[in-house]
Amino acid sequence: MNAPATATAPPVRTTCPYCGVGCGVIARPDGFGGASVQGDAAHPANFGRLCSKGAALGETLSLEGRLLHPMMRMGGDTHERTSWEVALDRVAQGFEETIARYGPDSVAFYVSGQFLTEDYYVANKLMKGFIGSANIDTNSRLCMASSVAGHKRAFGSDTVPGCYEDLDEADLLVLTGSNAAWCHPVLFQRMMENRRKRGARLVVIDPRRTATAEEADLALGLAPGTDQVLFAGLLVHLADTGVLDHSFIGRHTRDFDAALEAARILAPSIDAVSRRCDVPVTKLRTFFDWFRETERSVTLYSQGVNQSAQGTDKVNAIINCHLATGRIGKPGTGPFSLTGQPNAMGGREAGGLANQLAAHMGFEPESLDLVSRFWGTERLAARPGLKAVDLFEAVAQRRIKALWIMATNPAVSMPRADAVRASLRELDLLVVSDVVRNADAIMDAAHVLLPAAAWGEKDGTVTNSERRISRQRAFLAPPGDSKPDWWIMCEVARRMGFGEAFAFSSAADIFREHARLSAFENNGSRDFDVSGLANLTEAAYGELAPVQWPVTETKLAGEQRLFAEGRFFSADARARFVPIDHVGLARGCEPGFPFLLNTGRVRDHWHTMTRTGKSPRLAAHTDEPFVSVSPADAAELGIAEGGFARVTTLYGSATLRARISSGQRPREIFAPFHWTAETSSDGRVGALVQAANDIISGQPELKATAAALSPVTFTAHGFLLRRSLAAVPKGLWWARSAVEGGHGYRLAGNSLPAAWPDLARSLLGSEQTLVELLDDAQGWYRAALIADGRLEACLFLARNAEALPGWEWLKGQLAEPLLPDTARRALLAGRAPRSGHDEGPIVCACFGVGRSKICRGISHDGCHTVEDIGRTLRAGTNCGSCIPELRRIITEASSHATS
């Protein structure tokens, strides 16, 4: 556990470290280095509601896997503990020598949306202002760069115009490229409440029929890469049906005629849109009519739009429709970017992207002059640096010699992740600052490892999707030698001779400078302005309440919506319509690769699972990597539900559990990207993704990689439960997840029953006495290791996966300090004794409610609606992300009852 806090420590208001919703959290330290968490009812982003991930934050605070001390590679792949002084000297000296020999553009930083704004500010200032290169980019490039570029083209600035209240006040909510029910569930439930109370309609636009689409009034399953056509068609329809706001267009915008002309070429008729998007005309007409007749319309978009080789055009196609109708800056209207990471927005404010300076400024001469004078530097980078994909190409080409990776793992998340992983070993200097020790091989390649403070241990600010700045406050002491990222970078800056410019004593000190820069010579021409916070005392910073920017001395409460008066941040204060004249995938299907691979997230996990992977509750819903396949494709290829399939692209391959889904379009497959080499043997989906990216934003195409799909057959299937980590022999397919009391492994391979006892001794411990049961005729084997009256480990194998028992009850036995006699007798049977229940696979992660319990509630307790289940079992009453699944279970139970 973390270093102990005092037993009487008061509750601390902080902000969730997951997505960009920015939910307020109240953490109550337990005095032993942990804490319980609950939603903050006073926070305007969530009013006390948390999603399954946020609700389980208290389960993720252990020190298992933490990097606790500075380490240096002393030869080969061996790292030895060292002091901060030695490690920081090595980093500073390495960067200085590289710059002296090859110039400032030979070094780079790759940082993260997990950074606090203060971390971002210091990183940006050090690299751009004093090292003199703009080679600093962030994993937010993979998340929000197309939204940034679209905003800047349309508004002259990277400005999100709306606020969360618009979701309450809209009469039409359009979600495109967003599975908000799973990825932004707190906001999605807010939308659902609007629908219940005010009758708002919900339209979902997505190639997959997701959990969000299942809740929609209208779902458009369009072909991948055709979003521009759809919204160009909508613009044409709005023009032809006479609902344009000509006054707004004439007074506050430019280039409308060119945009409409381009839209007519791209989408000349609703029939043409139907053909290109592969959406029935009737559905298109309904959507177009609803948008035409509904003044209060909000269009929310996320990674399905952004993560595209034409992501910026997709963003502008959406914005064009809102500008054309004047539906922007008013209650219940506007385009709304749903941010993926907790501080992607704060990173943009502080200049964390390679093509930005700080405070939402660019590299135009006046901004260069302003920032260099404010920072007091003559070294300021004069041009944009390398964006993420290009940065790692430069690493591979040896143009980047020294790289500092902070709070992210590009060897998992970057496109062509295997190539990225291999290139890191060629660096003269690789520095990694992180929370975890094992990070999918980048740690082995690193010359210096620096232990960073984690959520709950560090102090600063984050900005959410609606421009709301909130505090992340420390409530745990940093364990071991871990330090805040800003402190680490300031110490390196001091050693490189820049100490005067980095003499920050606290996060508040950094924030004040950040705020002063936003106000410096800002006469209202720049959108980002928090000058009203520039003189906060340490105490006032400590107590800072959530506030939306801009925050000036005359608007200390912030301003909810921007652009209400039609004033934008371009030179002439007018918005720009952007003509969209191109559509298509960067690389479509081709001979040998007839599928399109779409990647994304699952409901209860986050990025590479360094945090969520510690929670048994969060692991229970989806505990292994999978690929979702349409029924038609599965039947054609002979892929069975629960079997295995191999996904192959030009860049790599992965073997994944197969899920047959009627929500999947034929010749399109979906696989989540969370699993790493630490959590699976063959599930690294990032290694399969192409490196094509948007030429404007630099954001990579993560939604449509040409792929091949084939069935994989194993002769042995099983699972392993252990209190400690296992060394799984090579040749076995495996996926690891957290369970109460230890670890669970899904297994598959090609061994015969005769070899299973030896495999058991390899997995359970050859020196231990096992309780075993082998039925060669039936083709199954079971073994358990019991020591001092408790279950230490168990292994179940079978020739057919259907012969394996469910493991939910067995997982519960691993969590028990002592194994009851009844449970011991039932152990090798693999099922609960009659007095107990196997709750089945978890459906509601917030309250740990399993499918079997829900089915009993339906069959025995009269639960016939989602509301009934909520009242009886609590399932679906917190974040609501399990509600679509609850509806399916109710429907299935009803059909079985009447059949």
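Before reading on, note that the structure itself is shown above.
Residues numbered from 1 in each chain as written. Predicted model: local features only at pLDDT ≥ 70, side-chain atom pairs only at ≥ 80, totals over all residues. Heavy atoms only, no water.

Student: Describe the sheet that holds strand β17 (residues 460-463), and please don't skip the residues or the numbers.
Tutor: What the three strands build is an open sheet, ordered β17-β18-β19; its pairing is antiparallel. Each having just a single partner strand, β17 and β19 (547-548) make up the two edges of the open sheet. Strand direction decides the pairing type here: β17 and strand β18 (residues 468-472), joined by four bridges, are antiparallel. The residue bridging G460 from the neighbouring strand is Q472, located in β18. (Pairing = 2+ DSSP bridges. Helix = DSSP H or I, 4+ residues; strand = E, 2+ residues; numbered from the N terminus.)

Student: Outline the pairing of strand β3 (residues 35-39), supporting the account with residue identities and numerical values.
Tutor: Residues A35, V37 and G39 of β3 are buried on one face, while the alternating residues S36 and Q38, pointing to the opposite face, are not. Pairing analysis gives five bridges linking strand β2 (residues 24-29) to β3, with the strands arranged antiparallel. Paired with V25 across the strands is G39, a residue of β3. Linkage of β2 to β3, two consecutive antiparallel strands, is achieved through a turn of five residues, within which G31 is found at a positive phi near 85°. (Buried < 20%, exposed > 50% of the residue type's maximum accessible area, 1.4 Å probe, protein only.)

Student: Can you tell me about empty space enclosed by the protein, naming the residues and giving the values?
Tutor: Evaluated as defined, the whole model comprises five cavities of 30 Å³ or more. Reported here for the second largest cavity is a volume of approximately 80 Å³. Lining the second largest cavity are C16, Y18, C19, V21, G22, C23, L50, C51, G54, P185 and V186. Tallied by class, residues from the lining of the second largest cavity come to nine nonpolar, two polar and no charged. (1 Å grid on protein atoms, 1.4 Å probe; cavity = no way out; pocket = protein on both sides within 12 Å on 5 of 7 lines; lining within 4 Å. Points joined across faces, edges and corners; volume = space filled by probe spheres on them. Nonpolar A, V, L, I, M, F, W, Y, C, P; charged D, E, K, R; others polar.)

Student: Tell me about the nonpolar core, and name the residues and values.
Tutor: In this structure, F95, F109, L230, F287, W404 and F502 are the most contacted members of the largest nonpolar core, which totals 125 residues. It is helix α9 (residues 227-240) that provides the largest number of residues to this core, a total of nine residues. Discounting residues that sit within four places of it in the chain, L230 has contacts with I205, L220, L222, V273, C277, L284, F287 and F288. If you look at the next biggest cluster of nonpolar residues, it comprises 60 residues, including L338, V849, C863 and I890. (Core = buried A, V, L, I, M, F, W, Y, C linked by side-chain atoms within 4.5 Å. Contact = heavy atoms within 4.5 Å.)

Student: Outline the pattern of salt bridges, supporting the account with residue identities and numerical values.
Tutor: Once the charged atoms of two side chains with opposite charge are near each other, the side chains can pair. Applying the stated criterion across every chain, the model contains 52 salt bridges. Between E193 and K197 there is a salt bridge, and its shortest N-O distance comes to 2.7 Å. Taken together, the positions of E193 and K197, both in helix α7 (residues 185-198) and four residues apart, correspond to about one turn of that helix. E193 gets classed as partly exposed once you look at its relative accessible area, which sits at 28%. One continuous salt-bridge network, built from bridges that share partners, spans D89, E491, R494 and R495. (Salt bridge = Lys/Arg side-chain N within 4 Å of Asp/Glu carboxyl O.)

Student: Can you lay out the packing of aromatic side chains for me, pointing to particular residues and giving the numbers?
Tutor: Counted by the stated rule, this structure contains 31 aromatic pairs. Here R467 stacks its cationic end above the ring of W549, 5.5 Å away from the centre of that ring. Between the NZ or CZ atom of R746 and the centre of the ring of W807, over which it lies, the distance is 4.1 Å. (Phe/Tyr/Trp six-rings, centres within 6.5 Å; stacked < 30°, edge-to-face > 60°. Lys NZ or Arg CZ within 6 Å of the ring centre and 35° of its normal.)

Student: Could you give me a rundown of unusual backbone geometry, with the residues and numbers involved?
Tutor: A negative phi angle is the norm for most residues apart from glycine, just as the trans form is the norm for most peptide bonds. Here the bond from W549 into P550 is cis, since omega is 5°, no more than 30 degrees from zero. Relative to the helices and strands, P550 is located in the loop between β19 and β20 (575-576). We note that R467 has phi near 70°; this positive angle belongs to a residue other than glycine. Structurally, the position occupied by R467 is in the loop between β17 and β18.

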